[in-house]
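Structure assessment
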Amino acid sequence: MFDSDFWQEVLETIRKQKWRSLMTAFGVFWGLFMLMFLIGAGMGFRGGIASQLKQMPSNAVGYIPGTTTIAYGGLDRGRPWLINDNDFDAIEQQYPGAIRDKILVLEVPGVGQQQRVSADVFTDMTSIAGVSERYDQLSPIKILEGRFFDRFDISEGRKVCLLGEQEALKLFPGQKALGKEVQVGGVSCRVIGVMRKMSPLVNIGPDESESIYLPITTAQFLYNKIGQQDKAYIVLDDEYLSGEYCKEIGSLLRQRHSVSPNDDSALQEIDMKEVLNQFDIMTGGINSLVWLVGLGTLLAGLIGIANIMMVTVKERTQEIGVRRALGAQPGVIIRQIMCESLVLTLAAGIVGIVAGFWGLYSVNMMITTEQGGMFANPHVPFWAALSSLLILILGGLFAGWLPAKRAMGIKAIEALREE
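Residues numbered from 1 in each chain as written. Predicted model: local features only at pLDDT ≥ 70, side-chain atom pairs only at ≥ 80, totals over all residues. Heavy atoms only, no water.

**What to know about the pairing of strand β12 (residues 231-236)**
With 6 of 6 residues buried, β12 lies mostly within the body of the structure. Burial along β12 is two-sided: Lys231, Tyr233 and Val235 and Ala232, Ile234 and Leu236, pointing in opposite directions, are all buried. Relative to β12, strand β1 (residues 60-65) is paired through 4 bridges, and the arrangement is antiparallel. By the bridge assignment, tyrosine 63 is partnered in β12 with alanine 232. Alignment of strand β3 (residues 99-108) against β12, held across 6 bridges, turns out to be antiparallel. Across the sheet, isoleucine 99 pairs through a bridge with leucine 236, a residue of β12. (Buried < 20%, exposed > 50% of the residue type's maximum accessible area, 1.4 Å probe, protein only. Helix = DSSP H or I, 4+ residues; strand = E, 2+ residues; numbered from the N terminus. Pairing = 2+ DSSP bridges.)

Have a look at this one:
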């Protein structure tokens, strides 16, 4: 049954110490606000990573050849090498049906090197790469104008190219780049698209926003590297799990190119499933850290509540003594003090949760909603908000119970004598 006199007395006690109560409640408010905001930011960061990686095939392996550092098979160290088309035939022969798809990259004239390109008037030094038509399966990009390469561009070795949006601005300032001609490697290539890099976390080829991309067969022909690539990503059939066959295929490539099994620098092997798992571990660690920091801030606010209730009970020692002498039950006094603490914490906590949600909504409205952003839909899950509220209620009750228990430890006659 609702006792209006009891709750009126609770609220009156809080009102008499309004400034002290407000300052104490602010600690709880700030703790809940920070907890909600940090949880939302963590979820936004996790969502941003997930949106960038969700299109990547998990059952894929990557191989990036380098320069040998160990002499092997009668060959000296310091030997650069590339993967070639015959290697894929050997993989198919060794593991029939293993290759579902291939994403190939050839940076020209070499990895990390730039070359002069020119348009009608303007020239620039930039990175150039040849890629296969499924390149966008691994590297999230956005086509701002035109289209990406299709299988006919690749099979026919067409003299076409895609410009990064920054490169398009340099070569064609104030103009539309689509349909224009660009001189690449002494050959005129028609611009069929303008692209934008959408993920700072994924780097398969040179920066898509600042480079020029060609069909891989065109790049191989122009730079005399027919059938070669310096990065090969293979999407495996479901029968061949990447975790089991990544090293196996890597060993086959090493054997074919006389690369030492112990020469880690000569071949980088990438298991996409392992990469995705590492991102999951990283985001899980960030989420744990968020809860640790947020709960620590909330705990500081609850300690403030407990301290202020201690002071309040100390100041009301004589009042408590009089009430006990007049026959008030200890449970009634304890309940009142605990309810005072609960009202402070609950009111401040609810305001903190609402403010946290409002803050996240404001942030969500300000940040870009375009795919590839580091944040995507920052929010607080319902279970997290409910758990925080339950922790707050339990903490508030405990913060009131400690000083109430102490007050009940003082005998009534001693409480009446308290100055």
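**Some remarks on the environment of serine 341**
Position of serine 341 among the secondary structure elements: in helix α10 (residues 330-366). Accessibility expressed as a relative area gives 0% for serine 341, which makes it buried. The spatial distance from the C-alpha of serine 341 to the C-alpha of isoleucine 393 is 9.5 Å, given a sequence separation of 52 residues.

**A look at the nonpolar core**
With 68 residues, the main nonpolar core has Tyr63, Ile91, Phe149, Leu163, Val182, Val184 and Ile212 as its most contacted residues. Setting aside residues up to four positions removed in sequence, valine 184 forms contacts with Gln115, Val117, Ile128, Cys189, Ile212, Leu214, Leu222 and Tyr223. (Core = buried A, V, L, I, M, F, W, Y, C linked by side-chain atoms within 4.5 Å. Contact = heavy atoms within 4.5 Å.)

**Quick notes on a nonpolar patch on the surface**
A cluster of nonpolar residues, Met310, Phe398, Trp401 and Leu402, forms a patch on the protein surface that exposes about 350 Å² of accessible area. Looking at the nonpolar patch element by element, the count peaks at 3 residues for helix α11 (residues 382-408). Here methionine 310 is to be found in helix α8 (residues 272-315). (Patch = residues over 30% accessible without salt bridge, like charges linked within 9 Å, V, L, I, M, F, W, Y side chains within 5 Å. Areas by Shrake-Rupley, 256 points an atom, 1.4 Å probe, with all protein chains shown as cover. Salt bridge = Lys/Arg side-chain N within 4 Å of Asp/Glu carboxyl O.)

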